[in-house]
Amino acid sequence: MTTHTPHGAGHLTPGALGHGQIPFSEPGTPTSHPYTIGFIGVGNIGGAIAKNLAVYSASHKAGAHSFVIYNRTKAKAERLISDVEERLAANGGIISLKVADTIDEVVEASDIIFASTNCDDSSIALAKQIAELTKVGKPRIRIIVETSTLYPTSAGQIDSILTADHNTRFVAAPVFGAAQVAKEGKLILCLAGDYSSKKKIAYLMVPAAARKCIDLGGNVEKVAAFKLLGNSFILGSLELLAETHTFAEKIGVGSQAFHDLLGDLFPAPPITGYSKRILTDDFDSSNGFQIDGGLKDVHHMQRLATEHESPFPIIDLAQQHLLTAKALNATQPSYKKLENQDWSSLVAASRVAAGLSPFDSSAHRTGPVPEPEPEEE
């Protein structure tokens, strides 16, 4: 992996701080300075961040920030603004919210832009578009915050594209946490890039949308690798959950008893959350992680492992099971097919290998199948 050092990056000691703590001193401004904050892409995670930042800003800041939201599907951006307005009507607060028709509008209006895409190519293309747009009009300082999971060299490439303009700062800021965690404002935020820009982003995000910051210094490639490392552990745990839940069914212990045991032994949200999904056959990614996104991340993990000559057999196995689960879903009757397939459905591969039904545990389980717990709004 080529090492990339961003222009003007600070040298910081990596560290992590808890809820309500920021790994930097407060930006030195004599008065509160409201920003115009733009969002490009408001999926499960990006949308939750935008909502939480807007509500927190309206409720806690003397000078509330204003927000400009762009999404390829405009209706999703409009729903986001409607949700924020409902929360503010219930809790108090006034804020400026606008749906942008184009990316150009977001770049022109914003001091800080949060970007989230579904693949590296889209993130690189967006960076090039932003770089062209910043050449037009009056020069101004902008901070571009990329929250997507990227391959390390892609993060470095984006940094080079954006910071070619000396007025543009780049912060790579991937997050850990599922959609429900994002809704609750409890994400773990990872940061790398320009030092002063990280100060601003840390103060925006904690505690409004994240509970914790982990600072990886100035090298944006390092934070991208760190995100893939964390995701590989989550996927490896998910693979083990799939196999052990299947084993529990085959030996007659049952998934419910095993799930209860996990809650006592390993009460961590990724473990108990994915265990619950497998237990209840809750394989809809609307509030989870889409299987194609998982396969994209797996490709990055395997590429990084190959480049560094570090075998990663559990990830190789998980990839096979993700592909098998996707193929199994494609062969289901249309009325059963998962339109938004979550990556936790990789358990289907283990179930089929053990002679069980891939997506319907009621076909092989004795007693009623537990209902998925309703998501809190």
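Our structure is the block above this text.
We now turn to the structure provided with this report. Note that the structure is a prediction, hence the values are computed from the model and not measured.

## Let's talk about the overall build of the protein
Argument step 1. For the protein, the helix and strand inventory stands at 13 helices and 10 strands.
Argument step 2. Within the protein, contacts between residues at least 6 apart in sequence are counted, and of these 76% link residues at least 24 apart.

## Description of the pairing of strand β10 (residues 210-215)
Argument step 1. One ladder, built from five bridges, connects strand β9 (residues 187-193) with β10; its direction is parallel. Bridging from a neighbouring strand, Ile188 pairs with Lys212 of β10.
Argument step 2. This β-α-β element, β9 to helix α7 (residues 195-205) to β10, shows right-handed connectivity.

## Quick notes on the environment of Gly218
Argument step 1. Following the sequence through the fold, Gly218 ends up in the loop between β10 and α8 (220-250).
Argument step 2. Taking relative accessible area as the criterion, Gly218 reaches 11% and is therefore assigned buried.
Argument step 3. The spacing of Gly218 and Ala192 is 26 residues in sequence and 5.1 Å in space, taken between C-alpha atoms.

## Some thoughts on unusual backbone geometry
Argument step 1. Residue Pro207 is reached from Val206 by a cis peptide bond, and omega for that bond is 5°.
Argument step 2. Structurally, the position occupied by Pro207 is in the loop between α7 and β10.
Argument step 3. In the Ramachandran plot, Asp281 falls in the positive-phi region, its phi being about 55° despite a non-glycine side chain.
Argument step 4. One can find Asp281 in the loop between α10 (269-280) and α11 (291-307).
Argument step 5. On the accessibility criterion, Asp281 (17% relative accessible area) is buried.
Argument step 6. Positioned with a positive phi, Glu309 is a non-glycine residue whose angle comes to about 50°.
Argument step 7. Within the fold, Glu309 resides in the loop between α11 and α12 (313-330).
Argument step 8. What makes Glu309 exposed here is its relative accessible area of 74%.

## With respect to the environment of Gly273
Argument step 1. When you line up the elements, Gly273 lands in helix α10.
Argument step 2. Spatially, the C-alpha atoms of Gly273 and His259 are 9.9 Å apart, while their sequence positions differ by 14 residues.

## Some remarks on the packing of aromatic side chains
Here the distance between the centres and the angle between the planes together describe a pair of aromatic rings.
Argument step 1. By the definition in use, this model includes five aromatic pairs.
Argument step 2. Taking the centre distance of 6.4 Å and the plane angle of 70° together, the rings of Tyr274 and Trp343 count as edge-to-face. Highlighted residues: Tyr274 in helix α10 and Trp343 in the loop between α12 and α13 (347-353), separated in sequence by 69 residues. Trp343 carries the same exposure label as Tyr274, and that label is buried.
Argument step 3. Arranged with centres 4.8 Å apart and planes meeting at 90°, the rings of Phe289 and Trp343 form a pair that is edge-to-face. Highlighted residues: Phe289 in the loop between α10 and α11 and Trp343 in the loop between α12 and α13, separated in sequence by 54 residues.
Argument step 4. Positioned above the aromatic ring of Tyr151, the side-chain terminus of Arg303 is 3.8 Å from the ring centre.

## What about the packing of α8 against α12?
The description of two helices packed together rests on the angle between their axes and the distance between the axes.
Argument step 1. In contact at an axis separation of 9 Å, α8 and α12 are set at 65° when each is read in the N-to-C sense. Viewed along their axes, α8 and α12 form a crossing whose handedness is left-handed. Across the interface between the two elements, Ser232, Leu235, Gly236, Glu239 and Glu243 of α8 pack against Ile314, Ile315, Leu317, Ala318, His321 and Leu322 of α12.
Argument step 2. Class assignment for the residues of the contact of α8 with α12 results in six nonpolar, three polar and two charged.

## So, the nonpolar core
Inside soluble globular proteins, nonpolar side chains tend to come together where they are buried.
Argument step 1. By size, the foremost hydrophobic cluster in this structure holds 41 residues, and its most contacted members are Phe39, Leu53, Phe67, Phe114 and Ile201.
Argument step 2. If one sorts the elements of this core by residue count, helix α1 (residues 44-60) sits on top with seven residues.
Argument step 3. Those residues in contact with Leu53 that lie beyond four places of it in its chain are Phe39, Phe67, Phe114, Leu204, Met205, Ala208 and Ala209.

## Quick word on the side chain of Asn329
Argument step 1. Relative to the helices and strands, Asn329 resides in helix α12.
Argument step 2. The exposure class assigned to Asn329 is buried, which follows from its relative accessible area of 4%.
Argument step 3. Not counting chain neighbours up to four residues away, the residues in contact with Asn329 comprise Lys337, Leu338, Gln341 and Phe359.

## Thoughts on the packing of helix α9 (residues 255-265) against α10
Argument step 1. Orientation of α9 relative to α10, taken along the N-to-C sense of each, is 170°, at an axis distance of 10 Å. Here α10 runs roughly antiparallel to α9, going by the angle between their axes. Along the contact surface, α9 presents Ser255, Gln256, His259, Leu262 and Gly263, while α10 presents Ile271, Thr272, Ser275, Lys276 and Leu279.
Argument step 2. Across the contact of α9 with α10, the residue classes tally to three nonpolar, six polar and one charged.

## Some words on the pattern of salt bridges
Argument step 1. Under the definition given, this model contains 12 salt bridges.
Argument step 2. Through salt bridges with shared partners, one network takes in Arg277, Asp282 and Asp342.

## Observations regarding α1
Argument step 1. Counted at 1.5 Å a residue, the expected span for α1 with its 17 residues is 24 Å, and the 24 Å between its end C-alpha atoms agrees.
Argument step 2. Taken as a whole, α1 has its buried residues at Gly46, Gly47, Ala48, Ile49, Ala50, Asn52, Leu53, Ala54, Val55, Ser57 and Ala58.

## As for α8
Argument step 1. Counted at 1.5 Å a residue, the expected span for α8 with its 31 residues is 45 Å, and the 46 Å between its end C-alpha atoms agrees.
Argument step 2. If you check the start of α8, you find a side-chain oxygen 2.9 Å away from the backbone N of Glu221, and it comes from Asn219.

What counts and what doesn't
- In every chain, residue numbers begin from 1 and rise along the written sequence.
- At least 70 in pLDDT is required for a residue's local features to be given in this predicted model, at least 80 for side-chain atom pairs to be given and counted, and no such filter applies to totals for whole chains, interfaces and linings, which use all residues.
- Hydrogens are left out, water is left out, and the side-chain values use all remaining heavy atoms of the structure.
- Here a strand is any run of E in DSSP of at least two residues, a helix any run of H or I of at least four, and the numbering for each starts at the N terminus.
- Only heavy atoms enter the contact rule, under which two residues are in contact if any of them lie within 4.5 Å.
- In short, DSSP must find at least two bridges between two strands for them to pair.
- For a crossover, the right-handed case is the one in which the path from the first strand over the helix to the second runs clockwise, viewed with the strands pointing away from the viewer.
- Burial classes follow relative accessibility: with a 1.4 Å probe on protein chains only, a residue under 20% of its type's maximum area counts as buried, one over 50% as exposed, and anything between as partly exposed.
- Any two of the Phe, Tyr and Trp rings considered here, Trp counted by its six-membered ring, make a pair once their centres fall within 6.5 Å; the pair's planes then place it as stacked at under 30 degrees, edge-to-face at over 60, or tilted in between.
- The criterion is that NZ of a Lys, or CZ of an Arg, lies within 6 Å of the ring centre and within 35 degrees of the ring normal, and then a charge sits over that ring.
- Every axis in this analysis is a line fitted to C-alpha atoms, fitted for helices over the stretch in contact. Angles between the N-to-C directions lie between 0 and 180 degrees.
- Two helices cross in a left-handed way if the nearer one is turned anticlockwise from the farther one by less than a right angle. They cross in a right-handed way if the turn is clockwise.
- The residue classification treats Ala, Val, Leu, Ile, Met, Phe, Trp, Tyr, Cys and Pro as nonpolar and Asp, Glu, Lys and Arg as charged. All others, Gly included, are polar.
- Only buried residues count toward a nonpolar core, which is a set of Ala, Val, Leu, Ile, Met, Phe, Trp, Tyr and Cys residues joined through side-chain atoms within 4.5 Å.
- When an angle is under 35 degrees it counts as roughly parallel; over 145 it counts as roughly antiparallel; between 65 and 115 it counts as roughly perpendicular; any other value is oblique.
- Counted as salt bridges are all cases of a side-chain nitrogen of Lys or Arg within 4 Å of a carboxyl oxygen of Asp or Glu.
- Helix span is expected to be 1.5 Å times the residue number reduced by one.
- Any pair of N or O atoms that falls within 3.5 Å is considered a polar contact. Within protein, one atom must be able to donate a hydrogen and the other to accept it, and sequence-neighbouring residues count only if both atoms are side-chain atoms.

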